[in-house]
Structure formats: structure tokens, C-alpha cells
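Okay, here's what each chain looks like letter by letter:
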Amino acid sequence: MAFVCQRDSYLREFETTVVSCTAAELKTLCNGKKETLKGFDVILEDTVLFPEGGGQPDDHGFINDIPVLRVMRNGADAVHFVQSPLEPLSKVQLKVDWERRFDHMQQHSGQHLITPLADSMFGYKTTSWELGRQRGYIELDTPSMSAEQIEALEKAVNEKIRQHIPVNVRALSLDDPELEQVRGGDLPDDHAGPIRIIDIVGIDADKCCGTHVSNLSHLQAIKLLGTEKGKKKKINLVFLAGNRVLKYAEKSFTMEKALTSLLKNGPEEHLDVVEKLQKSVRLLQKNNVSLLKDLALLTAQSFKSDPNKGKIFVMHRKEGDNDFMNIIANEISTEVVLLFLTVGDEKGAGLFLLAGQVDAVEALGPKVAETLDGKGAGKQGRYQGKANKMSKRPKVEALLQQYVCKPDTQEE
């Protein structure tokens, strides 16, 4: 049985009856972290909310005023996950998130248009596709696609959109001989009932469970952004359809205006200016490395020539890196009991290096990392790593002073 969302993809609200409501859990991601939500799986007599399938994500929406967080297909049923219980046999009002639904309709029908034209024009078969949150991807069975082919394909699909071609939904029985002429993969093992066919008149007929536009003109436009490397000997054709093209144009223009203001030149000069800036940055970085090396050598020489130098050398510098610290350590670590160097933010994160006598470094290295809320490793008189709390450096210095003032250290 097809759901009402499949019989009429443009229907936004629908009244139906609750069949069952059972306690359930939903595993989801929230801000990049895995969460398990407690709630209820609700089955309805029919639904206007599309369950995930056919490469198309599920709909979002409401049952009464209760948000529907997930819709999944289970055999002939659509299972709606909500966090409030619903009474079986009660009447409920469904409402679909139309912006999300229409976006999915445009992208899915866009894929159904691109796929047969890529095949008829170049012989490139579609082996899979993905409806991403921002872009769609069609996997084509070819190792490459030229810029001229992409341009020709884009021109062809948009010409079909301007021709106002109908998109019809039909149902065929499993034994209908017409199924042999229909595009599409194998059906799910639990499929029951007639086969749903999406027919773009005169272009393509394909088995599909998804929601689609009723006319190609509703796609508005399709933009092919290019290709990305796919699986072995395949490419992913990246595309946008409908409102996503408009949003992409708006975002691109906003970025263009920002760059024009920042770079103080016209859009056609942006690339040249950025390339010049990159060259300048690389040159400055090279000079900076050279200056830091010179500074490290001067710092080491200054300490070595100090008649009053002690058994500990401590230094912090905001600018610097591991190379800077290691140059200093190479020059003076044998002159002292302990050398403690840090670079980075004075109170936040940075890098540290502890060097000197092997036994001292082995004993103190892990304690230094722990004090600075960091991690490190080392061998042969060197222990270095990353720190999160540079503000704890005074505690490390006190720890080192305590070590060098021990009687056994003094005797040595």
C-alpha cells in the first residue's frame, strides 16, 4: 500500500487514526555526540510523512503539536518516533515540514532527470545516489567526465525543465511485463503490493518509493557543480536543484561582496590578489622561521655566557614552535640540570619541552604534563608535548626548583 504522501506529494496536512503506540528509543546525534532518546513508536492508519527510503531522507513534521523526530518504514507500516504518547484509536492531525519536503522532492526528481540523460548522452550509468543536506551526489559508472560533458548535460536537463514535462506516478503489478522496461534496482525483501513507477513522460520510467514533483517545471533549475572522485573507476556528480540553486547563488553573492570589501578590488581580481597574498604569507613564514632560529641561538648563547647562571633555565615565548624550543635545548641542555621551555598562549594552550639530565627528565616529565593539563612523551633526556593550561607554569617551576634543591641533586 502506498502512503498518502506518495499518492499526493503536495499534500501538507492530513487527518488519520492511531493504530498503536509503544515505548521505544531513538539513537541520534546531537552536536556531534551520540544520544539515545526515550519516546514512542507510533503507527498510523496512513501518513502524510514520508518514511526514509529510496535514497531519500524522511520527512519532519508534527502529529497534533508533537514533533516527529524520525519516520522509518517497517514492512507496510511507517513508524513515527515521538516523545509523547498517543492514544490508540484516537484521531490525530498530521502536518509536514513543507520546506524540507519540497526540497527533497526537487532533489529527488532532479536526480531522476539527470540519470537518464547522462546515460543517453554519454552512456554513463547511475550506480547510486545520495541526497545530502546541502548537495546531491550521483555516482556514475565512469572514471572521469570532462567540463564540456558537464556543461552539455546541464544544458540538456534545464532544457527539459523549460519544456514543462509532466511527471506521473503509476502502479504496476509484480507480473506486469512493462516492469522489464523500467529502470531501477531490486525491491526490498519485505516489499508487498504493486510497484510504484515514477514516469517522466518521454524521458524515463523508474521504480521509486520517494516523493516527486508533478511537473519538471517545478524543479525551477538544476546546477551541476562538477565531479568528485568516487569509488574505484567511478565519479560522483555533484548537483543542486530548485531552491538550492537560489540559495547557492545568494550565498555566493554574499561571499563575493565580503571578499570585495576585504580585498578592495573587483570579483574578477579576487583570485590573483589571493594568490599574491599567499606568496607573501609563505615568504613571511620563511623569514619568521629564520628569525626564530637566530633568536633561539642568541638566547642559548646569552645563557651560556652568563657567569651567574643557575641549574634551571626557564623561558616562555608566545611565538614559537617545537623547532624553536629544540634549538635552544640542543645548545644548552647539557649546561644545566633542567631546561623548561614553553610556547603559546600564556594562560591557554601551547607546547612545552622539558630537557636535561635523563633521570631528572624521566622523573619529572609526566608530572609536568599533568600539571599543565596536557599530554607528552619523550626519551633520552627530552620530554615534550601539548599543554592546555599554560597558567600553571609557575607550579612547574616550583616543582623543578624543589627537585634541584634536593640533597642528592646538590651533591651531584
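See the structure printed just above.
If you're wondering where the values come from, they're calculated on a predicted model, not measured in any experiment.

## Section: the side chain of R101
Working step 1: With respect to the helices and strands, the residue R101 is situated in helix α2 (residues 98-122).
Working step 2: For R101, a relative accessible area of 0% translates into the label buried.
Working step 3: Once you skip the residues sitting within four places of it in the chain, R101 turns out to touch C5, S9, L11, V48, L49, F50, D59, V96 and T211.

## Observations concerning the sheet that holds strand β4 (residues 66-68)
Working step 1: Overall, antiparallel pairing links the seven strands, which are arranged β4-β3-β7-β1-β2-β6-β5 in an open sheet. At either end of the open sheet lies a strand with only one pairing partner, and these are β4 and β5 (70-74). Across this sheet, the average inter-strand angle for adjacent strands is 35°, counted without regard to direction.
Working step 2: When strand β1 (residues 13-30) meets strand β7 (residues 91-96), the two strands line up antiparallel, connected through five bridges. Residue pairing in the sheet places E13 in a bridge with K95 of β7.

## As for the packing of aromatic side chains
Working step 1: Under the counting rule described, the total for this entry stands at five aromatic pairs.
Working step 2: With centroids separated by 5.5 Å and ring planes inclined at 20°, the aromatic side chains of W98 and F102 adopt a geometry described as stacked. One end of the pair, W98, and the other, F102, are both in helix α2, four residues apart, so they sit about a helical turn from each other. Note on accessibility: W98 and F102 belong to one class, buried.

## Details of the pattern of salt bridges
Pairing is possible between side chains that carry opposite charge, provided their charged atoms lie close to one another.
Working step 1: According to the stated counting rule, one finds 13 salt bridges in the structure shown.
Working step 2: The salt bridge partner of E154 is K223, with a shortest N-O separation of 3.4 Å. A residue pair is termed long-range when its members are at least 10 positions apart, and E154 in helix α3 (residues 147-162) and K223 in strand β13 (residues 222-229) qualify at 69 residues.
Working step 3: Since its relative accessible area comes to 19%, E154 is described here as buried.
Working step 4: On the basis of relative accessibility, which here comes to 34%, the residue K223 falls in the partly exposed class.
Working step 5: In this structure, E331 engages K304 in a salt bridge whose closest nitrogen and oxygen atoms are separated by 3.8 Å. Remark: K304 occurs in helix α5 (residues 270-304) and E331 occurs in helix α6 (residues 322-332); sequence separation between them is 27 residues.

## Side note on the pairing of strand β12 (residues 204-207)
The side chains of a regular strand alternate between both faces of the sheet.
Working step 1: One ladder, built from four bridges, connects strand β11 (residues 195-200) with β12; its direction is antiparallel. Residue pairing for β12: I200 is matched across the bridge by D204.
Working step 2: Linking β11 to β12, which pair antiparallel, is a turn of three residues; within it G202 sits at a positive phi near 80°.

## Topic: unusual backbone geometry
Working step 1: Although it is not a glycine, L89 sits at a positive phi angle of roughly 75°.
Working step 2: With respect to the helices, strands and loops of the structure, L89 is situated in the loop between β6 (77-82) and β7.
Working step 3: Look at H164: it is not a glycine, yet its phi comes out positive at around 60°.
Working step 4: Relative to the helices and strands, H164 resides in the loop between α3 and β10 (167-172).

How each quantity is defined
Within any chain, residue numbers begin from 1 and follow the written order of that chain's sequence. pLDDT decides what is reported in this predicted model: residues at 70 or higher carry local features, side-chain atom pairs at 80 or more are listed and counted, and totals for whole chains, interfaces and linings draw on all residues regardless. In computing side-chain properties, one takes all heavy atoms of the structure into account and sets aside hydrogens as well as water. Where helices and strands are cited, they refer to DSSP runs of H or I of at least four residues and of E of at least two residues respectively, numbered from the N terminus. Relative accessible area decides the class of each residue, using a 1.4 Å probe on protein chains only: under 20% of the type maximum gives buried, over 50% gives exposed, and in between gives partly exposed. By the convention used here, residues are in contact when the closest approach between their heavy atoms is within 4.5 Å. When DSSP finds at least two bridges between two strands, those strands are taken to pair. An axis is simply a line fitted to the C-alpha atoms; with a helix, the fit covers only the stretch in contact. Between two such axes, the angle follows the N-to-C directions and lies from 0 to 180 degrees. Between 30 and 60 degrees the pair is tilted, below 30 it is stacked and above 60 it is edge-to-face, where a pair is any two Phe, Tyr or Trp rings, Trp via its six-membered ring, whose centres lie within 6.5 Å. Salt bridges are defined as contacts in which a side-chain nitrogen from Lys or Arg sits within 4 Å of a carboxyl oxygen from Asp or Glu.

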